[in-house]
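Architecture at a glance
Here is how the chains run, residue by residue.
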Amino acid sequence: MILYLDVFVPPFGLLLLGALLRRYLLRDDTVWAGIERLVFWVLMPALLCSAIAAVDLAALPIGGMAIAIRLALLGGAGLSLALAWAAGIDHPARTSVFQGGIRFNNLMGFAVMAGLFGTAGTSLGAVATGLIVPFVQLMTTLVFALGGRGVSPWRAARQLALNPLLLACLAGFAISLTGGLPPGIAPLARSLGQASVALGLLCVGAALSLGAMRDRLPLQLATCVIKLVLVPAMVLLLGRALGLEPLALSAALVFMALPTATTSYVMARAMGGDAPLMAALTTLEHLASILTLPLWILLLGS
């Protein structure tokens, strides 16, 4: 029980605190927009780069993790598109269902992995993020481009090339191969990265909206099942079939069992998606993960 509280109260408590701060103390949208930009462009890249750079990649089963994670992502993408087709929704709504089915809140993942495994959990969580982010960003950008309006191949390529999380992952892998960050820079990057989790989860909580959950609830529930039940089940089965060691399998499962990223809403607004549906999916998945994420970790432990 103590371990459960230590692992799950911090991330979900920060979500609740963010919602309360947004409602009662920091009501100005520009405050939260500024913090979100700081986390997305500076703090989160620092966490990813420093954590990956500190890992001995040669000692990790990266090949097995990549296969398990990416096959599960492909499965989630196929199920999300099939759900959208069966529901008969338009292209903007399809992009929101797609994002709800495969994207993930990596800040919550880092909080959970650190609570479970300490520094080793953070480092392996960064590796899992590095395997997920490029793949998810590529698929999401393609789904927006195919069938949408005003999304050119050049714009899609530019978004990928300038994505700070993708660049941070690539930099972390490259720096790891050269021996890690130099003295002085390494603790600076770690300090910046540590700030990203708390501030980022506060922003996530501030962005959630219970009122949005009434929008197309059956579609939301079906997307929620894909993201929080079927995709983690696929990665767990694949990881065990591939013989992944426990820590690597834990990182893959935790990150694939996370609710969708709140930046999905930003992307939906910027690229012509269904922003109200995306807001509803984000809120519902975060609430449902209060139950599903601990259950997946208990199942993994058994």
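Read on for an overview of the structure. (Residues numbered from 1 in each chain as written. Predicted model: local features only at pLDDT ≥ 70, side-chain atom pairs only at ≥ 80, totals over all residues. Heavy atoms only, no water.)

Turning our eyes to something else, we now look at the side chain of T129. Looking at the secondary structure, you find T129 in helix α6 (residues 119-145). Discounting residues that sit within four places of it in the chain, T129 has contacts with L48, F104, N106, F110, P134, C169 and F255. (Helix = DSSP H or I, 4+ residues; strand = E, 2+ residues; numbered from the N terminus. Contact = heavy atoms within 4.5 Å.)

Right, let's talk about the environment of A54 for a bit. Tracing the chain through its elements places A54 in the loop between α2 (29-53) and α3 (62-87). Put simply, A54 and T122 are 68 residues apart on the chain and 10 Å apart in space, counted from C-alpha to C-alpha.

Along its 27 residues, α6 runs 39 Å from first to last C-alpha, staying within 8% of the 39 Å computed at 1.5 Å per residue. Most pronounced at I132, the bend in α6 amounts to some 25 degrees, and the proline P134 follows within four residues. Judged by how many residues are buried, α6 sits mostly within the fold: 20 of 27 residues are covered. (Expected span 1.5 Å × (residues − 1). Bend = angle between axes of the 7 residues up to and from the residue. Buried < 20%, exposed > 50% of the residue type's maximum accessible area, 1.4 Å probe, protein only.)

Looking now at the side chain of H91. In this structure, H91 sits in helix α4 (residues 91-102). At a separation of 3.1 Å, a polar atom in the side chain of H91 contacts the main-chain carbonyl oxygen of V143. (Polar contact = N/O pair within 3.5 Å; in protein donor to acceptor, adjacent residues only side chain to side chain.)

A few words on a nonpolar patch on the surface. A contiguous nonpolar surface patch, about 570 Å² in accessible area, is contributed by L16, L20, Y24, L25, L26 and V31. Among the elements that make up the nonpolar patch, the one with the highest residue count is helix α1 (residues 2-24) (three residues). For L26, the position within the fold is in the loop between α1 and α2. The partly exposed category is assigned to L26, whose relative accessible area is 31%. (Patch = residues over 30% accessible without salt bridge, like charges linked within 9 Å, V, L, I, M, F, W, Y side chains within 5 Å. Areas by Shrake-Rupley, 256 points an atom, 1.4 Å probe, with all protein chains shown as cover. Salt bridge = Lys/Arg side-chain N within 4 Å of Asp/Glu carboxyl O.)

To continue, consider the nonpolar core. Grouped together as the largest cluster of nonpolar side chains are 78 residues, with contacts concentrated most on M65, I69 and F255. Here F255 is in contact with F104, N106, G109, F110, M113, G125, A128, T129 and I132, once residues within four sequence places are set aside. If you look at the next biggest cluster of nonpolar residues, it comprises five residues, including L21, L202, C203 and A206. (Core = buried A, V, L, I, M, F, W, Y, C linked by side-chain atoms within 4.5 Å.)

Here the structure, examined in full by the defined rule, presents three aromatic pairs. Both rings, one in F40 and one in W41, keep their centres 5.5 Å apart while their planes meet at 90 degrees; by these two values the pair is edge-to-face. Overall, F40 belongs to the partly exposed group, its relative accessible area being 27%. Among the residues examined, W41 registers a relative accessible area of 46% and is labelled partly exposed. In textbook terms, an aromatic cluster arises when at least three aromatic residues are bridged by ring pairs, as seen for F104, F110 and F255. (Phe/Tyr/Trp six-rings, centres within 6.5 Å; stacked < 30°, edge-to-face > 60°.)

Function cannot be read off these values alone, since they describe shape.
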